[in-house]
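Breakdown of the fold
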Amino acid sequence: MKNYKYAWRNLWRNKRRTAITAASVFFAVYFALVMRSMQLGTYDYMFKSIVESYSGYMQIQNDQFWEDKIVDNAMEFSREIESTLLSDRNVVETIPRFESFALASSGSRTKGVMVLGIEPGKEKHLSDVEAKLVKYQLSDSAIEKLLEEDIPESVKENLELFRGDLYSGDGRIQLDLGIRDKDADRIMQFIRKHASMENGYISLGEPGALVGGRLAKYLGLSRGDSIVLIGQGYHGITAAAIYEIKGIVNIGTPDIDSRIIYLPVDICQELYSAPGMLTSLVLHLESNDDKSIDETLERIGAGLADPYRLLGWKEMNETIVSQMDADNKGGMIMIGILYLVIAFGVFGTVLMMTAERRREFGVLISIGMQKSKMATVMIYEMIFMGLLGIAAGVAAALPTIIYGYYHPIKFSSDMAKMFEDYGFEPVMAFKWIDNYFLWQSVVVAIIVLVAALYPVRNIFSLKEVNALKA
Amino acid sequence: MKNYLLTISLLAVIGFIPVQSQDAREIVKMANDKFNGEASSVGTMSMTIVRPTWERTVTFKYWTKENDFSLTLITGPAREKGQTFLKRGTEMWNWNPTVNRLIKLPPSMMSQGWMGSDYTNDDIMRESSIVDDYIHEIVGEEILGERLCYKIMMTAKEESSVIWGSQIRWIDKQDHLFLKAELYDEDGYLVRTETGSEVKLMDGRLIPTRLELIPADEEGYKTIVVFETLEFNLPIDDGFFSQQNMKKVR
Amino acid sequence: MITKTAWKNIWRNKVRSLVVIASVSVGIFAGAFSVAMMEGAMYQRLDDALNDEISHVQITAQGFRDNNDLACLMDNTGNMIDQVRLLEEVEAVSGRIMVIGMANTATKSTGVQIIGVDAENEKALSGLHSKIKEGTGGYLDPSGVENSALIGVDLAKSLNIIRYMITGEVIDSLALLGVPEAVTGKLRPYMDIRFKNEKAFKKELKPVFSQKEEIRYGHMIKEVSQSYREGARFTLTFIDREGFQTGGRFRIAGLYDIPNNMFESSQVFVLRDDLKRLTGLNEGENHMLMIRLKDVDDTREASQKIAAMFPDLETMNWREIQPDLAMLEQMAKIMYGMFMLIILAALAFGIVNTMLMVVLERTKELGMLTAIGMNKKKVFRLIMSESVFLSLFGGVIGMIISKIIISLTATRGINFASYQEGFEAMGYSAHIYPHIGNDFFVVVTLMIIITGILSAVYPALKALKLDPADALRTE
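Residues numbered from 1 in each chain as written. Chains lettered and ligands numbered in written order. Predicted model: local features only at pLDDT ≥ 70, side-chain atom pairs only at ≥ 80, totals over all residues.

1. Side note on the overall build of chain C
The helix and strand tally for chain C stands at 20 helices and 14 strands. Relative to the globule expectation of 23 Å for 475 residues, the C-alpha radius of gyration of chain C, 32 Å, shows a markedly less compact shape. Expressed as a percentage of its 475 residues, the buried residues of chain C come to 43%. Taking contacts inside chain C between residues at least 6 apart in sequence as the whole, the part at least 24 apart equals 81%. (Helix = DSSP H or I, 4+ residues; strand = E, 2+ residues; numbered from the N terminus. Rg over C-alpha atoms; globule rule 2.2 N^0.38 Å. Buried ≥ 20, exposed ≤ 12 C-beta atoms within 10 Å, placed from the backbone. Contact = placed C-beta atoms within 7 Å.)

Shown next, in the form of structure tokens:
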């Protein structure tokens, strides 16, 4: 009978034992895959979110701009350039930006601020300023009214801690006030009723500004007030203008929130005497995976001439890239150690199995079966069990990962606040099926094969007489 | 006999050693007094910023008193017209009629050069003296545009707070005019060259009316200042240099 | 009674039990040690940030953080410092004056934050004094010249204070670092030429090398060719209390080098007295108190205590100041938890197998016990106890061994010198000090017990299903 058939039959002879050995492999593969998926997914999500909201995946700039970010290093922008870029199959949108510095004055106070000229409609693909418009303000009157409503005591206490704070989203206010999911709808109704803040957005062609919450507070300004901006524009021409504050935003990072102003990009160009110029053009892509990005960089880079320069996200976010790398390597080391231990687990099971079957081996040899044949059969058995385990592991991991991908695990409290501050949802994301599936399986297969060596060696060194006595 | 010889040698010694630096410092002082020494001055100037791909000219009227106060009124181009800058000691204020706002300028505002020129915050605000903050030495003589000049090497003193490590200045022997300066940083790299030309008589004084500031690092960069009119020692009240006056002055 | 029996039962088949115990202890040891290593590496990274940049707790006046106003001061800080020092968790306290200004040289200018520190107190608090780049000088010296400053290497670069020059020593060092002669040879024609700044250096040398060479050695060549004249000076300009522009010429005491580039290129340290004098602040006035704790684990309690001591001021701990660091810590803890879980799951199988064999081998005995009236619950508990004992015993041994080895290596650390570049590229130091909290062992013990219990379920159930009659008939 063919060896592998014999091996297969052996497995089914003792279902329990097969099940246990295969099960140890199964769990190893399952956990490793799930954990790796979570690792890769989360870091991917965190870092990519930061990149996506800040620099985008690629930008076109004047080739001097990156090293010296002054207005004089802005680039010319025309519809031709835009249409050339849009004609690339991976480019969905081009998002213009004009960034510079100015002094903001409210009459009583002056502060150096960052001025960001944006195209209000397109920005949702990038920093999504519109979503950061303040929705709720826990003003004194708002708190007074809320205290009269039917809401839990704990939430009422928290109101005091966050007096005066501004919120741009439901997520964060719920976290801060400790509103539980089941109460959320009900309580949010009250908050909307009493603490809503009227707000507005900016649009192209209309002079107007969005101001960071902390900056507005420092300058003592609110929506509808005027803000003066004075700076130096293109070729040193003085930049000076007054704008009505159309809206207040809440940027998670206090550093930026205390010194940011958004203007419509055409108004910004006017302010800095730089009509038709931009400091950067962000390309919004269809596919964001590494491969597509690299290919797109190559294609567009080839067609680009001086004085333009194409920058990829890795170049623009060196610190994040090195951090991602470090975390990734750290994660790999963890998985590596994991495998070491799993190997022990598998090995232990195999050890047990060999000990159990000593007698069986002894019998077979004494009735004439060749050791080499037995060894071969044993190896086949191990391979089958390994494959069974891996297959089962992958099969079980798939639905878990797929489910996790569409329904990421939500974080609570401190961790969540951190995520919200950075402007993205507090979830632990899973990475979709990728190369790592293959790699993990290969490693486990190797472990199984190595473990197989023990019973094989055992077989060869078996003395039938002793075995029979077992 | 012996006494005579002794006296001569003593005189020679006393007279010889300090001769160089005493003269050098004196020369620089004289030139400086000529340039800055008037109690007050009123003038109109134009400043042209030259770059490889563009050029821009700003015209202004200015009033100074005793090196402590200065008021500058921009008279052109149209876009910039009406702005005033007031310097009082170490404070710098700016009035902008477009936005009707008077603000105090922090040092960061001038990191790009005043009005986009090659004049830095240090040039405008730093109160260093080319006489007191340097050690001077005559190192030669050169002819610059038909005028014979002393070439004076100036090394910044340890305790001083000047940004330059050293300077070489060419000072006209006859009229003590600053005709050229080379400014070096602490490590000896040339950072900027300044030249003065078109010497004219202004209100009875000889002044090089065309100054060029040439940064060493960049190709084709220059700032040219031309004095159009200049009057000295007109009586100006301290109160002229005030925030209220910034808005009124014409 | 059951417990005693369970214990004795384990030792009936010594070999098998020892195998299980051994595998559990090895597994636990490997797990604990790896976690200790990872936690050590992580805390190292954390520690650097805490040591050099923010410390554990910071106190400021309300509103200072938002706008860095010079006038937003705390006064009477002398008293405050004394009070805080009394807390048992506190190791060191120091006050700082902070002002935003411009740093410039003849060619470049850039915005910076100027921090006036108490040199002596700071040494107990911050690790910067040990991060000074060799050959660039030393830390601030209160008894030295007036107006000295400590700046970062990156700031020196952006101010064009660091020049570039290829000397004989540079070429020798490069050779020692493994750069081949073919590459260093190309540098020889440029020896002893001083380049103004990185831009000029790169411009001249870039065309000399192939793209591959540049990628591999470019960075190294740049780093080694940096030339810095000790005691170089630069100008600091800022606004004083009255609103006047002030500042002065500062001599660089030394250049500090830390992994955080943003910090390094914007934070300038000067002596408190110098900054006080220039800004017109008074004695006892400070913008921030920095507090270092003896143990980072005390952060939450200590900062709450301190906040209660000064209700009108704003007290923040490092987790609030740099939430991304806290995030690092949290994620790590989650990872460790999962890690140990997986290890135990892997080990569980060995235990299940063993217990199954135990049950099957002792079918006759168990059958007898049931026949004579031992109730099912007791049988269940017996099997369960054996399982738990096996696991616990192995686990305890594993934990003891790991605790010993971790304590041994904790102080001296493990040096991965040969992999230094790889580690540092990842942002970790190559010298790791394993660290593990006692709560880890508590949690692991619990996890082991649960594993033992869960592993026993299947075999125990099997034991219960044994029909006494059948069992007795078995031979």
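2. Details of the overall build of chain B
Along chain B, the regular secondary structure elements total four helices and 13 strands. Viewed in the frame of its principal axes, chain B has a C-alpha envelope of about 80 × 45 × 35 Å. Within chain B, buried positions represent 31% of all 250 residues. The long-range fraction of contacts in chain B, counting pairs at least 24 apart against all pairs at least 6 apart in sequence, stands at 43%.

3. Looking at the interface of chain C and chain A
Counting residues at the interface gives 33 residues for chain C and 36 residues for chain A. Sorting the residues of the side of chain C that touches chain A by element identifies helix 2 (14–54), helix 3 (64–67) and helix 15 (323–361) of chain C as the ones contributing at least two each. With 19 residues, the top contributor of residues to the side of chain C that touches chain A is helix 15 of chain C. Within the side of chain C that touches chain A, the residues separate by chemical class into 21 nonpolar, eleven polar and one charged. (Nonpolar A, V, L, I, M, F, W, Y, C, P; charged D, E, K, R; others polar.)

4. Observations concerning the sheet that holds strand 5 (residues 163–165) of chain C
Each strand in a sheet pairs with another by means of backbone hydrogen bonds, the pair being arranged parallel or else antiparallel. Residues and elements named next belong to chain C. Across the sheet, which stays open at both edges, the three strands sit in the order 6-5-7 with antiparallel pairing between neighbours. The open sheet is flanked by strand 6 (194–195) and strand 7 (226–227), the only strands paired with a single partner. When strand 5 meets strand 6, the two strands line up antiparallel, connected through two bridges. Note on strand 6: the bridge partner recorded for Y164 is F195. (Pairing = 2+ DSSP bridges.)

5. Notes on the interface of chain B and chain C
Between chain B and chain C, the residue contacts involve 20 residues of the former and 23 residues of the latter. Looking at the side of chain B that touches chain C residue by residue, the class counts come to seven nonpolar, six polar and seven charged.

6. Notes on the environment of I405 of chain C
Residues and elements named next belong to chain C. Relative to the helices and strands, I405 resides in helix 17 (residues 376–412). According to the C-beta neighbour criterion, I405 is partly exposed, with 15 such atoms within 10 Å. For the pair I405 and F29, spaced 376 residues apart in the sequence, the C-alpha separation amounts to 9.5 Å.

7. Some remarks on the packing of helix 2 (residues 15–54) of chain A against helix 15 (residues 371–406) of chain A
Residue and element names in this part refer to chain A. Where helix 2 meets helix 15, the closest approach of the two axes is 7 Å, and the angle between their N-to-C directions is 40°. Here helix 2 is positioned oblique relative to helix 15, judged by the angle of their axes. Here the hand of the crossing between helix 2 and helix 15 comes out right-handed. Residues T18, T21, A22, A23, V25, F26, A28, V29, Y30, L33, V34 and S37 of helix 2 pack against M385, G386, L388, G389, I390, A392, G393, V394, A396, A397, T400 and I401 of helix 15. Residue composition of the contact of helix 2 with helix 15, grouped by class: 17 nonpolar, seven polar and no charged. (Axes fitted to C-alpha atoms, helices over the stretch in contact; angles between N-to-C directions. Parallel < 35°, antiparallel > 145°, perpendicular 65-115°, else oblique. Left-handed = near helix turned anticlockwise from the far one by under 90°.)

8. Overview of the confidence of the model for chain B
Mean pLDDT over chain B works out to 85, with 90% of the residues at or above the 70 mark. Counted against residues more than four places away or in other chains, residues 13–19 of chain B, with its pLDDT under 50, gives zero contacts. (pLDDT = per-residue confidence, 0-100.)

9. Comments concerning the environment of R186 of chain A
Residues and elements named next belong to chain A. Its place among the elements puts R186 in helix 7 (residues 181–195). Residue class for R186 comes out exposed when judged on the 12 C-beta atoms lying within 10 Å of it. Counting along the chain gives 13 residues from R186 to N199, while the straight-line C-alpha distance between them is 23 Å.

10. Looking at unusual backbone geometry
Here the residue pair G76 of chain B and P77 of chain B is connected by a cis peptide bond, since its omega of 5° sits within 30 degrees of zero. With respect to the helices, strands and loops of the structure, P77 of chain B is situated in the loop between strand 3 (69–76) and strand 4 (84–88). Even without a glycine there, the phi angle at D128 of chain A is positive, about 50°. If you trace the backbone, D128 of chain A turns up in the loop between strand 4 (110–118) and strand 5 (136–137). Residue D128 of chain A is classed as partly exposed on the basis of its C-beta count, with 13 C-beta atoms lying within 10 Å. Even without glycine at this site, S55 of chain C takes up a positive phi of about 65°.

11. Side note on the domain arrangement of chain C
By the assigned domains, chain C splits into domain 1 (2–47 + 326–473), domain 2 (63–160 + 230–311) and domain 3 (167–198 + 205–227). A separation of 36 Å is found between the C-alpha centroids of domain 2 of chain C and domain 3 of chain C. (Domains from an automatic or database assignment.)

12. Describing the pairing of strand 8 (residues 147–156) of chain B
Residue and element names in this part refer to chain B. Where strand 7 (residues 134–144) and strand 8 come together, ten bridges link them in antiparallel fashion. Its bridge partner being in strand 8, H136 is matched across the sheet by M154. Between the antiparallel neighbours strand 7 and strand 8 lie two residues, among them G145 with a positive phi of about 55°. Here strand 8 runs beside strand 9 (residues 166–172); their pairing, made up of seven bridges, is antiparallel. Among the inter-strand pairings, M153 is bridged to a residue of strand 9, identified as I168.

13. Let's talk about helix 7 (residues 168–176) of chain C
Residues and elements named next belong to chain C. Buried within helix 7 we find V170, I171 and L174. Viewed end-on, helix 7 has its buried residues packed into an arc of 95°, placing them on one side of the element. Among the exposed residues of helix 7, those pointing more than 90 degrees away from its buried face are G168, E169, D172 and L176. Contacts from the buried residues of helix 7 go to helix 8 (181–187) and helix 10 (211–224). (Arc of directions from axis to C-beta.)

14. Examining the confidence of the model for chain C
Atom-level detail of predicted coordinates should not be read off regions where pLDDT is low. The predicted model of chain C has a mean per-residue pLDDT of 82, with 94% of residues at 70 or higher. For chain C, the element scoring lowest by mean pLDDT is helix 18 (residues 420–425) of chain C, at 56; strand 10 (residues 267–271) of chain C scores highest, at 94.

15. Things to note about the nonpolar core
Counting 98 residues, the largest nonpolar core has V25, A28, V29 and L338 of chain A together with A32, F339 and A346 of chain C as its most contacted members. The element best represented in this core is helix 15 of chain C, accounting for 19 residues. Leave out the neighbours within four places in its chain, and V25 of chain A touches V346, M385, G386, G389, I390, G393, V444 and V448 of chain A. (Core = buried A, V, L, I, M, F, W, Y, C linked by C-beta atoms within 7 Å.)

16. Side note on the pairing of strand 8 (residues 226–232) of chain A
All names here are of chain A. Burial analysis of strand 8 places six of its seven residues in the buried class, the great majority of the element. Sheet topology places strand 3 (residues 91–105) next to strand 8; three bridges connect them, and they run antiparallel. Across the sheet, A104 pairs through a bridge with L229, a residue of strand 8. Relative to strand 9 (residues 238–249), strand 8 runs antiparallel, the two being bridged by seven bridges. In the strand pairing of strand 9, V228 is matched with I242. The turn linking strand 8 back onto strand 9 is made up of five residues, and H235 within it adopts a positive phi angle of 60°.

17. Some details on the packing of helix 2 of chain C against helix 15 of chain C
All names here are of chain C. Look at helix 2 against helix 15: their axes get within 10 Å of each other, and the N-to-C directions meet at 175°. One element, helix 2, and the other, helix 15, form an angle in the roughly antiparallel class. Where helix 2 approaches helix 15, its residues R16, V20, S23, V24, G27, G31, V35, M38, E39, M42, L46 and A49 are matched on the opposing element by L325, L328, E329, A332, Y336, F339, M340, I343, L347, G350, I351 and T354. Per-class residue counts for the contact of helix 2 with helix 15 are 16 nonpolar, five polar and three charged.

18. Quick word on the environment of M384 of chain C
Residue and element names in this part refer to chain C. Here M384 lies in helix 17. Overall, M384 belongs to the buried group, with 21 C-beta atoms counted inside 10 Å. Not counting residues up to four positions away in its chain, the partners in contact with M384 are I453, A456 and A460.

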